[in-house]
Every structure is written in C-alpha cells, then in structure tokens.
Protein chains: 2
Amino acid sequence: MSDLLERLRGRGWRMTAQRRVVAEVLDGEHVHLTADEVHARAVAKLPEISRATVYNTLGELVSLGEVLEVTTDKRAKRYDPNAHRPHHHLVCARCGAIRDVHPNGNPLADLPDSERFGFTVSDVEVTYRGLCPDCAAA
Amino acid sequence: MSDLLERLRGRGWRMTAQRRVVAEVLDGEHVHLTADEVHARAVAKLPEISRATVYNTLGELVSLGEVLEVTTDKRAKRYDPNAHRPHHHLVCARCGAIRDVHPNGNPLADLPDSERFGFTVSDVEVTYRGLCPDCAAA
DNA sequence: CACTTGACTTAGACATTGTCCATTGTAGGA
DNA sequence: TCCTACAATGGACAATGTCTAAGTCAAGTG
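**Student:** Would you take a moment to explain the environment of L108 of chain A for this structure?
**Tutor:** Relative to the helices and strands, L108 of chain A resides in the loop between β5 (98-101) and β6 (120-131). Judged by relative accessible area, which is 24%, L108 of chain A ranks as partly exposed. The spatial distance from the C-alpha of L108 of chain A to the C-alpha of A23 of chain A is 30 Å, given a sequence separation of 85 residues. Aside from chain neighbours lying at most four places away, what touches L108 of chain A is R116, V121, S122 and V124 of chain A together with Y128 of chain B.

**Student:** How should the protein's contact with DNA strand D be read in this particular structure?
**Tutor:** Residue and element names in this part refer to chain B. Close to DNA strand D lie 19 residues, the nearest being T16, Q18, E48, S50 and T53. Here the atoms of DNA strand D within 4 Å of the protein split so that 65% fall in sugar or phosphate, with bases taking the remainder. Backbone polar atom of S50 to a phosphate oxygen of DNA strand D: 2.9 Å apart, as the coordinates give it. For the surface near DNA strand D, the per-class residue count stands at 7 nonpolar, 4 polar and 8 charged.

**Student:** Help me understand the relation of the copies chain B and chain A, please; the structure alone is not making it clear to me.
**Tutor:** The pair of chain copies shares a relation made of a rotation about an axis and a shift along it. Take chain B, turn it by 179 degrees, move it 0.1 Å along the axis, and it overlays chain A with an RMSD of 0.2 Å. On this basis, the relationship between the two copies can be described by a two-fold rotation axis. If distances are taken from each C-alpha of chain B to the rotation axis, the shortest is found for V126 of chain B, at 2.3 Å. The residues that chain B uses at the interface reappear at the interface of chain A in 100% of cases, marking a shared surface.

Analysis parameters
Residues numbered from 1 in each chain as written. Chains lettered and ligands numbered in written order. Predicted model: local features only at pLDDT ≥ 70, side-chain atom pairs only at ≥ 80, totals over all residues. Heavy atoms only, no water. Helix = DSSP H or I, 4+ residues; strand = E, 2+ residues; numbered from the N terminus. Buried < 20%, exposed > 50% of the residue type's maximum accessible area, 1.4 Å probe, protein only. Contact = heavy atoms within 4.5 Å. Near = heavy atom within 4 Å. Polar contact = N/O pair within 3.5 Å; in protein donor to acceptor, adjacent residues only side chain to side chain. Nonpolar A, V, L, I, M, F, W, Y, C, P; charged D, E, K, R; others polar. Least-squares fit on C-alpha atoms with pLDDT ≥ 70 in both.

Encoded structure:
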C-alpha cells in the first residue's frame, strides 16, 4: 500500500471502508480504468458498495488532485492514478489501448500570449492518436 | 454558402434535404456545437429531421474528414467544421467556452521513438485548460 | 465508553447522450 | 417515368452519469 491513504487522511478525509476500497483499486493497478471498472473491482472487495459512492469518491479524488480524469474517447471518462508525474497519453484509434507517454518540450510554453484570449491557462492535455502494433498488423 | 456541399457532391455523396441542412448548420456557425445543438438548429430549418439522421450525418462528415470531433469535456462530443486548418483548443474549466488556438511548434515531433511503444502515431490533439476572462473575474 | 453530529452511503429513479433496427421514403440513373 | 439502392424515420434500447431522501457511521467530546 502506498501513502495515498495517508495523504488523504492528512487532508482531513473521513476514512470509510468504501473510500478505502476505491483508493486501493486505483492504487493497485496502474491502468486507466473507467468509473464502472473501478466500481466492478470495488464490488469484488466490498459487495455492498454503491455506484453513486464510487462516482462521488472518484470526483473527490480528482478535486484533491490525487487522480486525473482522462477523456480520450467518446465513451466513459477514465481515471489515472498517476497524477503526481505529469504525462500525456497515446491512444490506439482502433482498440482504445492507452499508454502513458512523456514528450519532450513544454506545450504550455508553445501557446503565445496572442493566442490566449485573456484566459488564465493552467494546464495542457496532449493526446497522441495512432494504431498500436497489434491493430496496425491486423 | 461555401464549397462544402460542392466537395461532398464531388465525392459521390447522395444529396438529401437532411444532409444539406446539417452541412449548412455546421458551415454557417464557426462554433463548436454538440450533436444535440446541431439537431436543434437543423430542426429549425427542417422540422421533421430525426435525431438518428443528424448523428449519422455527423458521423459521415467526420469519416470524410470534413468535420472534426472534439471531446473536451465529460459531456457531449462537439463538432468542429474547421477541419481544414489544423488547430487545437483552449477550454474554460468553469463555463466550458472553447476557442481555437494555434500553438507554436509541432507536438508530434516532440514524441521520441522511445515513447511510441511501436504505435503508428498519426495525430495529436492538444487541449489547453484554464479560466476565461469572465470566469476568472467572477 | 457512550453520545452526538454531520458527513457519508445507499438504492433507485432520472437525465443525457448515443446507437440500433425495421419500416418507409426518395435521389438519381436507366 | 420507373427502379433500386441508399437514406431517413421514430422509437426502443444502451451506456454513462447525476440526484435525492432516508438511513448509517466515523470520529471528536465529555
């Protein structure tokens, strides 16, 4: 177990069995799960956990900055527990596989003031698209 | 009217009243509409057009490369008629306003081979997030 | 340790967005 | 004009996410 639970407790998070389970699911597998996948794994550990609680908890973890929301495709949002190491994503256009990638350079610096329209720009999200080796072969 | 309809006809697109209306809606307003907003505007011009047809037509326009799908938020996909000038997006995290932006550099070149995992990378989508002037003031 | 309080959880109804299918209509060529 | 394949319709269905009212429980207090 990581220090995720410790950090949350330190922030005054009320610790419940449900929240612990959700945090454990995210912490245990470094893949990009949908909310429903998180729920399915949580149910395996705590059968009576409800969908609403999973959604609530995920939303809170996102607000706290412990987890990132990734919306690569039209379907469900995915949750990325790797929030403390900035990174971007590479998505297979056919099968939807997702890899974390670390491009060179800083895209934030590439947006000149003249293109900011007065916005306070705080974040960039880069999604590379292509075909994974398996789909390219097929 | 632009040459969008001409291009489509030239590609062997069967021209129907419904498709013309959808194309006109996208062509007329250079904003980023959701599928439902497109449908609403289409209904204003052709009351009996169905939702399924709008979805089908939008999907075809995307396949043809005449329109881009943008998924900036958790909600609906948006459709960007500005498919022929490559650009990226700047989104207000609070109100969802979207602007087209043209950053310097080429993010595709910033992804080293060692970070491509054998993928055939063909496209990049960059989404800047922040607060628009109105939301920053509030 | 028991009490108290307000935050947390639950179940399920509801909302939104998108897809599918069988039927009906029609564009465009012969 | 007539045919035929392609397109449109509308309504059911699916997937994802949100909300609410009522019950439950973590954690601080005495």
